[in-house]
Amino acid sequence: MGYVDVVLGLQWGDEGKGRIVHYLSRDYDLVVRFQGGANAGHTVYIGGQKYVLHLIPTGILHDDVKVAIGAGVVVDPEVLKDEINFLNEMGIDVNGRWFVDPRATIVFPFHKKEDALFERKDGIGSTKRGIAPAYRDLYQRFGVRVGDIVNNKHLDRVLKKQLEFNNIILKHFGEKEIVEDDIKEWLLGFREFLAPVLRDVSLLVKDYISTGKRVLLEGAQGALLDVFFGNYPYVTSSHTVTGGALVGAGFGKEVVRRVYGVFKAYTTRVGKGPFPTELNDDTGEKIAELGEEYGATTGRRRRVGWLDIPLLRYSMWLCGVTHPLMTKLDVLEGLHMVKLATSYRINGGVYDVVTPTLYELEKVEPLYETFGPFEGIKNARKREEFAPEVKRYISKIEELIGMPVEGISTGKESDLI
Ligand code: GDP
């Protein structure tokens, strides 16, 4: 029997999952995306060349790995086509190596427009990729799904329903209404591109597993952005935890072997929402510069803060992490003082894990332990070569999360140590 391993972000996204998935995926046969859409941006460096992928799993960068987009993903066909063209231009042969579940939902241009209109009115920091409106329409039961492209009669019916609603919104904002024929033409322009890659990803995984193959699930965003369990409303529109992986790709828990949880050696957050360990000083600025904390999708400067153990404990619980992985430890090199939030004080009580509702997170006071100086990270081949205070930092984290950190990344292209 084969198995499934899952890679998830444990913070507010941008933990370096793309790079971790790329590193791990040489040991897998199939890599699957299960939620979100082109709002994710996974960055991988290979031999100094930068690859940013939004929809296609980064496993595609290994010749012998196949990739799939599961039913839980919302797919912007324009982005997907651009990405496939980009990979072709980079000399990566994608032929026969990528699949899309017919049940994945289409993101239309009007979804992106709506996203921008709502963001202008009541912004929560959307990437304006149309993700939330596409999920909304799916749950409203008039979403158009990728498989509808090959079924003309059905397509007419679902498009009509979809447009009826979207035109009400556009009209409300004083925007031009969508003409059904135009949008149908736009969509059918992708028929030739998408029809050959439609594949039931749930059954594809079943086939792989029953023939002894290994499947890796690639999460986007992070556990603290989960639509149920993040700091609502500053969340993404999908499920970023292990349960979401099972639902979005389509199978039960029995086949899951490991859950890799990826976290940075510090914390970042994009857009609004509470951030108890945020640094609004020169140290924050320095970490942002050294860590190149600018969004792959939006170019926005990420907010930066210290590593937050109460939140990490919470997301590890949500995801059932078996293998924690830490990234970007090298970014802290050279800092004389590094702080670790070990617990929170709330209303006089001290807590080591907290359910991060907005209300609670806004009034917590993080309690810190201090470490430093941080040296000997970038050139280290093994953990023993880290400076004593770096080793103490890692041991403290391991003690507080109750398990060893399985791998540490100390550079964009470095091996995990
Ligand atoms: P993702 O959304 O979780 O895949 O994260 P992003 O790709 O948005 O951001 C991760 C960024 O950090 C990318 O530019 C990676 O090349 C970079 N990165 C990943 N791991 C490391 C690391 O250990 N050290 C450094 N310096 N950069 C890293």
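The model shown is predicted, which means the values in this text are computed figures rather than measured ones.

## Considering a positive patch on the surface
Positive charge collects at one region of the surface, where R141, K153, R157 and K161 lie side by side. Here R141 is to be found in the loop between helix 4 (131-139) and helix 5 (152-172).

## So, the sheet that holds strand 10 (residues 256-264)
One open sheet accounts for eight strands, arranged 7-5-2-9-1-10-14-18; its pairing is parallel. Single-partner strands in this sheet number two, and they are strand 7 (98-100) and strand 18 (407-408). Here strand 14 (residues 323-327) pairs with strand 18 via two bridges, running parallel. Counterpart to M326 in the pairing with strand 18 is I408.

## Some points on helix 8 (residues 201-210)
All of the buried residues in helix 8 are V201, S202, L204, V205, Y208 and I209. When helix 8 is viewed along its axis, its buried side chains cluster within an angular range of 160° and face the same direction. In this structure, the buried side of helix 8 is in contact with strand 1 (3-9), strand 2 (30-33), strand 5 (66-69), strand 7, strand 9 (214-218) and helix 9 (242-249). The N-terminus of helix 8 is capped by D200, whose side-chain oxygen sits 3.1 Å from the backbone nitrogen of S202. Just past helix 8, the residue G212 takes up positive phi, approximately 80°.

## Quick look at the domain arrangement of the protein
Under the domain assignment, the protein is made up of domain 1 (3-101 + 197-260), domain 2 (105-192) and domain 3 (264-408). A straight line from the C-alpha centre of domain 1 to that of domain 2 covers 23 Å. Listed as interface residues are 23 residues of domain 1 and, on the opposing side, 17 residues of domain 2. Summed over both sides, the interface of domain 1 with domain 2 buries roughly 1,700 Å², with 64% coming from carbon and sulfur. Taken as a group, V74, P77 and S237 account for 31% of the area that domain 1 buries against domain 2, more than any other trio of residues on that side. At the junction of domain 1 and domain 2, the tally comes to two salt bridges. Linking domain 1 to domain 2 there are seven residue pairs in polar contact (both at pLDDT 80 or more). Breaking the side of domain 1 that touches domain 2 down by element, the ones donating at least two residues are strand 6 (74-75) and helix 2 (77-89). Of all the elements, helix 2 adds the most residues to the side of domain 1 that touches domain 2, at four residues. Of the residues belonging to the side of domain 1 that touches domain 2, the class tally is 11 nonpolar, eight polar and four charged.

## Let's talk about the pattern of salt bridges
Taken as a whole, this structure holds 28 salt bridges when the rule is applied. Between E365 and R345 there is a salt bridge, and its shortest N-O distance comes to 3.2 Å. Residue E365 is located in strand 17 (residues 365-371), and its partner R345 is located in strand 15 (residues 338-346); the two are separated by 20 residues in the primary sequence. Exposure remark for E365: the relative accessible area of 38% places this residue in the partly exposed category. Linked through salt bridges whose partners overlap, the residues forming this network are D14, K264, E293, R302 and K328.

## A short note on the site of the ligand
In the region of the ligand, 18 residues are neighbours, and G16, K17, G18, D330 and S409 sit closest. At 2.7 Å, a backbone N or O of G18 approaches an oxygen atom of the ligand. The separation between a nitrogen atom of the ligand and a polar side-chain atom of D330 is 2.8 Å. Elements with a minimum of two residues in the shell around the ligand: helix 1 (17-24) and strand 3 (42-46). In terms of residue class, the shell around the ligand is made up of two nonpolar, eight polar and eight charged.

## Quick notes on the environment of Y393
Along the chain, Y393 falls in helix 13 (residues 388-401). On the basis of relative accessible area, Y393 is assigned to the buried category, the value being 0%. A distance of 2.6 Å separates a polar atom in the side chain of Y393 from the backbone oxygen of A265.

## Quick word on the packing of aromatic side chains
Enumeration according to the criterion identifies 12 aromatic pairs in this entry. Chaining the aromatic ring pairs together yields one cluster made of F108, F110, W186 and F190. Seen from the ring of F193, K81 lies directly overhead, with NZ or CZ sitting 5.7 Å from the centre. Positioned above the aromatic ring of Y208 is the side chain of K213, whose terminal nitrogen or guanidinium carbon lies 5.0 Å from the ring centre.

Cut-offs used in this document
- Residues numbered from 1 in each chain as written.
- Predicted model: local features only at pLDDT ≥ 70, side-chain atom pairs only at ≥ 80, totals over all residues.
- Heavy atoms only, no water.
- Patch = residues over 30% accessible without salt bridge, like charges linked within 9 Å, V, L, I, M, F, W, Y side chains within 5 Å.
- Areas by Shrake-Rupley, 256 points an atom, 1.4 Å probe, with all protein chains shown as cover.
- Salt bridge = Lys/Arg side-chain N within 4 Å of Asp/Glu carboxyl O.
- Lys, Arg positive; Asp, Glu negative; His and termini not counted.
- Charge placed at Lys NZ, Arg CZ, Asp CG, Glu CD.
- Helix = DSSP H or I, 4+ residues; strand = E, 2+ residues; numbered from the N terminus.
- Pairing = 2+ DSSP bridges.
- Buried < 20%, exposed > 50% of the residue type's maximum accessible area, 1.4 Å probe, protein only.
- Arc of directions from axis to C-beta.
- Contact = heavy atoms within 4.5 Å.
- Polar contact = N/O pair within 3.5 Å; in protein donor to acceptor, adjacent residues only side chain to side chain.
- Domains from an automatic or database assignment.
- Buried area = accessible area lost by both parts, 1.4 Å probe.
- Nonpolar A, V, L, I, M, F, W, Y, C, P; charged D, E, K, R; others polar.
- Near = heavy atom within 4 Å.
- Phe/Tyr/Trp six-rings, centres within 6.5 Å; stacked < 30°, edge-to-face > 60°.
- Lys NZ or Arg CZ within 6 Å of the ring centre and 35° of its normal.

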